[in-house]
Amino acid sequence: DALPICTLLQYVSQGELLEGAVGDRVVMSVSARTKRLEGCDVRTTGLCQGFAWSLVRSAATVLAGERPAALFLFRPASCPQWSEELLPELEEVVGSFREALARRGIALAVVGSIGRQVAILLWRYNLVAQLLRLPNTRTYLASRGLDVRDARHLMADLARRLGAYYAARRDGAHDAPFPHEVGIALGYPLGDVIGFIDGGCEICRGRWRCYGDANGARRRFAELDRIEGSYVERFRTGTPLGELVRA
């Protein structure tokens, strides 16, 4: 059965944070070795730890300021001592992370769900804004019907398209078209995104499919893998999440 978490977490995408949620400083102090967060019980600590692990494993390169955005699936059942009765508390935890990251220039939106997993979109407005200063990129995004006035409007459009995709999947439309233009925000080269959408001749693949500069793509794959591996190891050995978020 599908987890009814998309509805429960919808407020997070809309920016409506619950009062009394775990504090900014507290959620940023979590690490893989945290036994109990200040002012939190063991269950809340487990929720914070589980969500932080998902951020580090799936969005380390955004936390490090090396990619504009990341899209990943968070599985609540990965949190220690998880049970569905903790859903309301998980709302507060995700809202707390959203608020804490926003103060560091990183936005977080819940854009949908698949089965028992939640789709999370994470991005840095400043890096998305840099993409929009590239004429070819801006022109292509506009040609795809996206609002390119600024980073906020662009990401809102992409979040809506992703939300429509996950909603269609949830309703049984397994052939629902994925908005592949989001790849540009994820840091994929424009030529590779166009190559994929237009059905070009793939040269190599890694974190994305390459249709142009294979050597450059392989170097970038290795660089991102190195950053991600470093972040996972640092978090695992006790570095707090807050120290992993580049200003």
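Residues numbered from 1 in each chain as written. Predicted model: local features only at pLDDT ≥ 70, side-chain atom pairs only at ≥ 80, totals over all residues. Heavy atoms only, no water.

Relative to the assigned elements, aspartate 24 resides in helix α3 (residues 24-27). The exposure class assigned to aspartate 24 is buried, which follows from its relative accessible area of 14%. Through-space distance from the C-alpha of aspartate 24 to that of isoleucine 194 is 39 Å; in sequence the pair is 170 residues apart. When neighbours within four sequence positions are excluded, aspartate 24 is seen to be in contact with Ala100, Arg103 and Arg104. (Helix = DSSP H or I, 4+ residues; strand = E, 2+ residues; numbered from the N terminus. Buried < 20%, exposed > 50% of the residue type's maximum accessible area, 1.4 Å probe, protein only. Contact = heavy atoms within 4.5 Å.)

This next bit is on the packing of helix α4 (residues 42-63) against helix α5 (residues 87-102). Running from N to C, α4 and α5 point in directions that differ by 40°, and their axes come no closer than 10 Å. Comparing the axis directions of α4 and α5 gives the class oblique. Between α4 and α5 lies a crossing of right-handed hand. Across the interface between the two elements, Arg43, Thr44, Leu47, Cys48, Phe51, Ala52, Leu55 and Leu63 from α4 touch Glu89, Leu90, Val93, Val94, Phe97 and Leu101 from α5. Within the contact of α4 with α5, the residues separate by chemical class into eleven nonpolar, one polar and two charged. (Axes fitted to C-alpha atoms, helices over the stretch in contact; angles between N-to-C directions. Parallel < 35°, antiparallel > 145°, perpendicular 65-115°, else oblique. Left-handed = near helix turned anticlockwise from the far one by under 90°. Nonpolar A, V, L, I, M, F, W, Y, C, P; charged D, E, K, R; others polar.)

Enumeration according to the criterion identifies 14 salt bridges in this entry. A salt bridge links arginine 43 to glutamate 85; the nearest nitrogen and oxygen atoms lie 3.0 Å apart. One end of the pair, arginine 43, is in helix α4; the other, glutamate 85, is in the loop between β1 (69-74) and α5, with 42 residues separating them in the sequence. Taking the relative accessible area as the measure of exposure, arginine 43 reaches 31% and is therefore partly exposed. Of the residues examined, glutamate 85 reaches a relative accessible area of 61% and is grouped as exposed. Notably, a salt bridge pairs glutamate 202 with arginine 209, separated by 3.7 Å at the nearest N-O pair. With a relative accessible area of 29%, glutamate 202 lands in the partly exposed category. Connected through shared salt-bridge partners, Glu66, Arg220 and Glu223 make up one network. (Salt bridge = Lys/Arg side-chain N within 4 Å of Asp/Glu carboxyl O.)

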